[in-house]
Amino acid sequence: MNNKQLVIAVIACFAIAIAFFLVIVWEINKSIKFDRKVRKDQAGQKQITIEDNRDFSIYETFVGDDGREMVLVPEGVFSRGSREGDFDEKPPQETYLDAFYVDKYEVSVEAYNKFRKAANYVEGSVPFFEGEHELLKHPDVPQVGVSWYDAVNYCTWAGKRLLTEAEWEKAARGTHGLIYPWGNEMLPRRANINGTADGYQYLSPVGSFPMGRSVYGVYDMAGNVAEWVEDWYDQFYYQTAPMMNPTGAENKKNRVFRGGSWDSTKVDVRGAKRNAASPGRKDSVVGFRCGKSVDK
C-alpha cells in the first residue's frame, strides 16, 4: 500500500469513527428527550388511591382475656386445599367448620411481654437474624422466637387456643378458597414478603397492610410472620381428612405453621400453602395468633 492509499484509509476510518460518535450522541439525546417527556406526562397525572370498600363491620368481634380483639368466623362450608398447589394441598375439598373466633392481629411483642410478666415466662429466642436484633424487641412487631409450645402456653393463659389448620385456612381464604387473603392476584402493598418493595426488609408492625386483610377483616394472614397452628403435619392428611371439623393427623413428628413470612416469596404466602417444623423450633420467621371456640 502506497502513501496515498494509506492516507485515504486513515481518513476513511476517521470519518467512520466520527459518524459512529454522532449516531451515539443522537441516540442519547433522543433518549433524554423521551425520558423528559415521560416525566412531564407523569407529573401531570393524578395519583389514584384504591380504597378498600369491603364492609368488615358485618362480622362480630370479641375481646379476649388478653385484651386483644378477635373476629367471629361464621359456621359453614369453605373450599380447603388447592388443585394447582403442592402435593400436600390435594385434593381440594369442601369442608364444614363450626363458628370460631380468630385474633384480628398476630400476637405482638407487647402482648407477649404482658404474658411473660404475668406468668414469669422465658423470653423469645432467635438463634440467627440478618437484621438488628433490637427490631425483634419493638413492641409493635409480631413476636418471633417462639416454639409451638410457647404459642400454646400463651393462648392457654389468654383463655384461648391455637387455631386448627382448617380454621386458619378458612380465616385466611374465606369460603371460596381465595389464593391470597385479599383475592387471587398478588398485588402491591398487601403483605410483607421477601424484598423491600412493600416498604419493609424484615418484620413490620402488626396490621401495617389494611388492604391485605382477609374477607373477615383479619390482618397479616399472608407474610410478616408465619403462624403456628394446632395440627400435627401429615403430607397425606387431605386424602383422608373428614369433611366436618377436621383436627389434623395424630402423633406425627412436626407441627404445622401457615401463612409465610417477611422472608417468603409470593408463592409461599398462598393461603393453601402448608409448612411444618419440629414443635421446638424458634426463629425469626415464625410467630402465632390464637383462636377460640364459640360457646354453645
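Residues numbered from 1 in each chain as written. Predicted model: local features only at pLDDT ≥ 70, side-chain atom pairs only at ≥ 80, totals over all residues. Heavy atoms only, no water.

As annotated in an unreviewed UniProt entry, the protein chain carries the name FGE-sulfatase domain-containing protein and comes from Nitrospina watsonii.

Asker: What's the story with the packing of helix α2 (residues 109–119) against helix α3 (residues 148–157) in this structure? I'm lost.
Answerer: Here α2 crosses α3 at 80°, and the two axes come no closer than 11 Å. The angle between α2 and α3 falls in the class roughly perpendicular. Contacts between α2 and α3 involve Ala-111, Tyr-112, Lys-114, Phe-115 and Ala-118 on the former and, on the latter, Asp-150, Asn-153, Tyr-154 and Trp-157. Its residues assigned to classes, the contact of α2 with α3 shows 6 nonpolar, 1 polar and 2 charged. (Axes fitted to C-alpha atoms, helices over the stretch in contact; angles between N-to-C directions. Helix = DSSP H or I, 4+ residues; strand = E, 2+ residues; numbered from the N terminus. Parallel < 35°, antiparallel > 145°, perpendicular 65-115°, else oblique. Contact = heavy atoms within 4.5 Å. Nonpolar A, V, L, I, M, F, W, Y, C, P; charged D, E, K, R; others polar.)

Asker: Would you take a moment to explain the packing of aromatic side chains for this structure?
Answerer: Geometrically, a pair of aromatic rings is defined through the distance of the ring centres and the angle of the planes. Summed over the entire model, instances satisfying the criterion amount to 19 aromatic pairs. Between the aromatic rings of Tyr-154 and Trp-157, the centroid separation amounts to 5.5 Å while the plane-to-plane angle is 55°, which identifies the pairing as tilted. Of this pair, Tyr-154 and Trp-157 both sit in helix α3, 3 residues apart, roughly one helical turn. A relative accessible area of 0% places Tyr-154 in the buried class. (Phe/Tyr/Trp six-rings, centres within 6.5 Å; stacked < 30°, edge-to-face > 60°. Buried < 20%, exposed > 50% of the residue type's maximum accessible area, 1.4 Å probe, protein only.)

Asker: Explain the pairing of strand β2 (residues 69–73) to me, please; I cannot follow it from the model alone.
Answerer: Remark: a regular strand shows side chains that alternate across the two faces of the sheet. Of all the 5 residues making up β2, 4 are buried; the element is thus mostly covered by neighbouring parts of the structure. The antiparallel hairpin formed by strand β1 (residues 61–63) and β2 contains 5 residues in its connecting segment, where Gly-67 sits at a positive phi of about 80°. Note: β2 against strand β5 (residues 100–103), 4 bridges, orientation antiparallel. Bridged to Leu-72 within β5 is Tyr-101. (Pairing = 2+ DSSP bridges.)

Asker: Hey, could you run me through the pattern of salt bridges in this one?
Answerer: Side chains carrying opposite charge are able to pair once their charged atoms draw close together. Applying the stated criterion to the full structure yields 21 salt bridges. A salt bridge links Asp-66 to Arg-68; its shortest N-O distance comes to 4.0 Å. Measuring nitrogen to oxygen at the nearest pair gives 3.9 Å for the salt bridge that ties Arg-255 to Glu-230. With Arg-255 in strand β8 (residues 255–258) and Glu-230 in strand β7 (residues 226–232), the pair connects residues that are 25 residues apart, well separated along the chain. By relative accessible area, which is 8% here, Arg-255 ends up buried. A residue is classified by how much of its surface remains accessible, and Glu-230, at 30% relative accessible area, is partly exposed. The structure contains a network of salt bridges with shared partners spanning Arg-80, Glu-165, Glu-169, Arg-173, Arg-258 and Arg-274. (Salt bridge = Lys/Arg side-chain N within 4 Å of Asp/Glu carboxyl O.)

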